[in-house]
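Fold and geometry: a report
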Amino acid sequence: MLYGPMLAALLSAPAEPPAQVAQGGPLAACRPTAVAHALLREEMGQQPLWAGLGPDGKTAVEVWQSPSGQWTLVVSTVNGVSCFQLGGHSGQTPPRGKG
């Protein structure tokens, strides 16, 4: 499967904010990174699944996921701010294989 190109397309495409953002719920706006991570772990039951540096070297993209498949895409900056970008359900960890 083409997970890299799919993620690149997802990150470059404009998207509707999840309902939690629009309603001011737990995914609303940006928070200090420690607060955002605590919210993801303690209130949403998610753990970090993947992280990578942005092209500028000053941002990190993180994907968090719960055992039930709920996921959140977070962009964090070097100044300690994390912003929830997207969220969804039915997430699956791609199989690790050779190649």
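A short tour of the structure in this document, coming up.

The rules behind these values
- Residues numbered from 1 in each chain as written.
- Predicted model: local features only at pLDDT ≥ 70, side-chain atom pairs only at ≥ 80, totals over all residues.
- Heavy atoms only, no water.
- Buried < 20%, exposed > 50% of the residue type's maximum accessible area, 1.4 Å probe, protein only.
- Helix = DSSP H or I, 4+ residues; strand = E, 2+ residues; numbered from the N terminus.
- Pairing = 2+ DSSP bridges.
- Axes fitted to C-alpha atoms, helices over the stretch in contact; angles between N-to-C directions.
- Contact = heavy atoms within 4.5 Å.
- Arc of directions from axis to C-beta.

**Considerations on the pairing of strand β3 (residues 59-65)**
Most of β3 sits out of view: 6 of its 7 residues are buried. Where strand β2 (residues 47-53) meets β3, 6 bridges bridge the pair, whose relative direction is antiparallel. Bridging across to β3, Gly52 finds its partner in Val61. Between β2 and the antiparallel strand that follows it, β3, lie 5 residues; Gly57 among them carries a positive phi value of about 75 degrees. In this sheet, strand β4 (residues 71-77) lies alongside β3 in antiparallel orientation, the contact comprising 7 bridges. Across the sheet, residue Val61 finds its bridge partner in β4, namely Val75. Connecting the antiparallel pair β3 and β4 is a turn made up of 5 residues, with Gly69 showing a positive phi of about 100 degrees.

**A short note on the sheet that holds β4**
Here 5 strands make up an open sheet; going across it, the order is β1-β5-β4-β3-β2 and the pairing antiparallel. Two strands lie at the open edges of the sheet, namely β1 (30-32) and β2, each paired on one side alone. Neighbouring strand axes in the sheet, compared pairwise and without regard to direction, differ in orientation by 30 degrees on average. Relative to β1, helix α3 (residues 33-43) is tilted by about 105 degrees, and along the sheet it contacts β1, β2, β3, β4 and β5 (81-88).

**A short note on α3**
Because each turn of an α-helix spans 3.6 residues, side chains separated by three or four positions end up pointing in the same direction. Along α3, the positions that sit buried rather than exposed are Thr33, Ala36, His37, Leu39 and Leu40. Each buried residue of α3 sits inside an arc of 155 degrees when the element is viewed along its axis, so together they form one side. Residues of α3 that are exposed and point over 90 degrees away from its buried face: Ala34, Glu42 and Glu43. Tucked into the core, α3 has its buried residues touching β1, β3, β4 and β5. Just beyond α3, the residue with positive phi is Gly45, at close to 65 degrees.

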